[in-house]
Structures are given as structure tokens and as C-alpha cells.
Amino acid sequence: MSQQASGGESLLFLTDEQLRKGIEAMFFAYRGFTADPDRILENYAYGRAHHRAIHFINRSPGTTVNNLLHILGVTKQSLNRVLRTLIEDGLVESRIGTRDKRERHLYLTPAGEALERDLSEAQRRRMRAAYRAAGPEAVAGFRQVLEHMMDPSLRARFKGMSDGGGQ
């Protein structure tokens, strides 16, 4: 990969101002990335924590509550509050483990799958348009930057999910 950015800026010697602009771009991109799902979630009186739980339960059907806790990095109390709502609203099903009766395995119901599709499709549309506009080199570079911003343990978990693992 080239050591020069498109504007001739050295990637190894970014100024504080260039880094600030990158940070601000991340903030504004995140606002755009979450705006469409946020509008859908408003109809359910849900927040982003609900969306993240739905996303990762869909990604790994049968995932345990403990695994979801590790992925989301939230407190047990916070996750239980979110899961209780999703279960009561008929979007998530909690099943007792067959090997370990203390474990609870989580699955989306058909209504949960439909909501997840709506939420993800909104984000996929936005991401697909951005990727097309930026081009394949930018897509690969963007993913590398994101991966290098992750803590090493989370990067390993992410790569496991990307490779079809997930748990």
C-alpha cells in the first residue's frame, strides 16, 4: 500500500488537525449510519442497545447471554433489561441450554427476524452506496483502519465472526 494519501499527505505523519478531521468524520458518519435504524427503532420505543442485541443474536442464533455480554461490553443488568423487553415483545426467544441448564440461548422469533432485516437493510443501503462511491481500494483500507482501531481481543472476535465463527 502506498505511503502517500491522495492529497500527498504522509500516512505515517498525520498532523493533529488531520487526526481531528478523521475523528469528526467518524462522529458524523456514525450519525448517518445510525439515523435510518434509529427512525425504525422509534416505532418500538427501542434504542441502539436493542438494535445491537438483535443484530448479534441474528448473527449467531443460539448465542448465550454470556457471549452476548462479552460482544456488547455492557453490564449484565443493562443487557437483561434489553433482553426482557425484546422477549416480552415477542422478538427474542430464550431457551434453556440442553447441556447446561443454567445457560440461556437466544434466538430471534420471526417478528425479530423481520425487524432485524429492516434495520440491517437500511444500514446496508447506506454502506453499499458509500462503498460504491469510494471504490474497492478505499473499502479495503477503511476495513483495515477499523480493525486496527479495535482492541486486539475484540479484533480476534471480529475476525472469528467474519470468518463464519461468531461464538
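What you see is a predicted model, and the numbers here were worked out from it, not measured in a lab.

All right, on to helix H5 (residues 110-134) then. With 25 residues, H5 should cover 36 Å at 1.5 Å per step; its first-to-last C-alpha distance of 35 Å lies within 8% of that length. Just downstream of H5 lies Gly 135, where phi reads positive at about 95°.

Two elements in contact, helix H3 (residues 65-72) and helix H4 (residues 76-88), have axes whose closest approach is 10 Å; the angle formed by their N-to-C orientations is 115°. Taken as axis vectors, H3 and H4 run roughly perpendicular relative to one another. Relative to H4, H3 is oriented so that their crossing is right-handed. Mapping the contact onto sequence places Val 65, Leu 68, Leu 69 and Leu 72 in H3 and Lys 76, Leu 79 and Leu 83 in H4. Residue composition of the contact of H3 with H4, by class: six nonpolar, no polar and one charged.

In this structure, Ile 57, Leu 68, Leu 72, Leu 79, Leu 83, Leu 86 and Leu 106 are the most contacted members of the largest nonpolar core, which totals 22 residues. Of all the secondary structure elements, the ones that give two or more residues to this core are helix H2 (48-59), H3, H4, strand S3 (104-108) and H5. For this core, the leading source of residues is H3, giving five residues. Aside from chain neighbours lying at most four places away, what touches Leu 106 is Ile 57, Pro 61, Gly 62, Thr 63, Val 65, Leu 68, Leu 83, Val 92, Glu 93 and Ser 94.

A separate point is unusual backbone geometry. Backbone geometry at Ala 45 places phi at a positive 60°, although glycine is not the residue there. Turning to its location among the elements, Ala 45 is positioned in the loop between helix H1 (16-42) and H2.

Bringing the confidence of the model for the chain into the picture now. Per-residue pLDDT for the chain averages 89, and the proportion of residues at 70 or more is 89%. Per-element mean pLDDT across the chain ranges from 82 in helix H7 (residues 152-162) up to 97 in H2. Confidence drops under a pLDDT of 50 for residues 1-5, and excluding neighbours within four residues, the segment shows 11 contacts in the predicted structure.

Spatial ordering of the open sheet is given by S1-S3-S2, a layout of three strands whose pairing is antiparallel. The open sheet has two free edges, formed respectively by strand S1 (63-64) and strand S2 (92-96), since each of these has just one partner strand. Taken together, the two bridges between S1 and S3 define a ladder with antiparallel strand orientation. By the bridge assignment, Thr 64 is partnered in S3 with His 105. Strands S1, S2 and S3 of the sheet are contacted by H2, whose axis makes an angle of about 95° with S3.

What counts, and at which threshold
Residues numbered from 1 in each chain as written. Predicted model: local features only at pLDDT ≥ 70, side-chain atom pairs only at ≥ 80, totals over all residues. Heavy atoms only, no water. Helix = DSSP H or I, 4+ residues; strand = E, 2+ residues; numbered from the N terminus. Expected span 1.5 Å × (residues − 1). Axes fitted to C-alpha atoms, helices over the stretch in contact; angles between N-to-C directions. Parallel < 35°, antiparallel > 145°, perpendicular 65-115°, else oblique. Left-handed = near helix turned anticlockwise from the far one by under 90°. Contact = heavy atoms within 4.5 Å. Nonpolar A, V, L, I, M, F, W, Y, C, P; charged D, E, K, R; others polar. Core = buried A, V, L, I, M, F, W, Y, C linked by side-chain atoms within 4.5 Å. Buried < 20%, exposed > 50% of the residue type's maximum accessible area, 1.4 Å probe, protein only. pLDDT = per-residue confidence, 0-100. Pairing = 2+ DSSP bridges.

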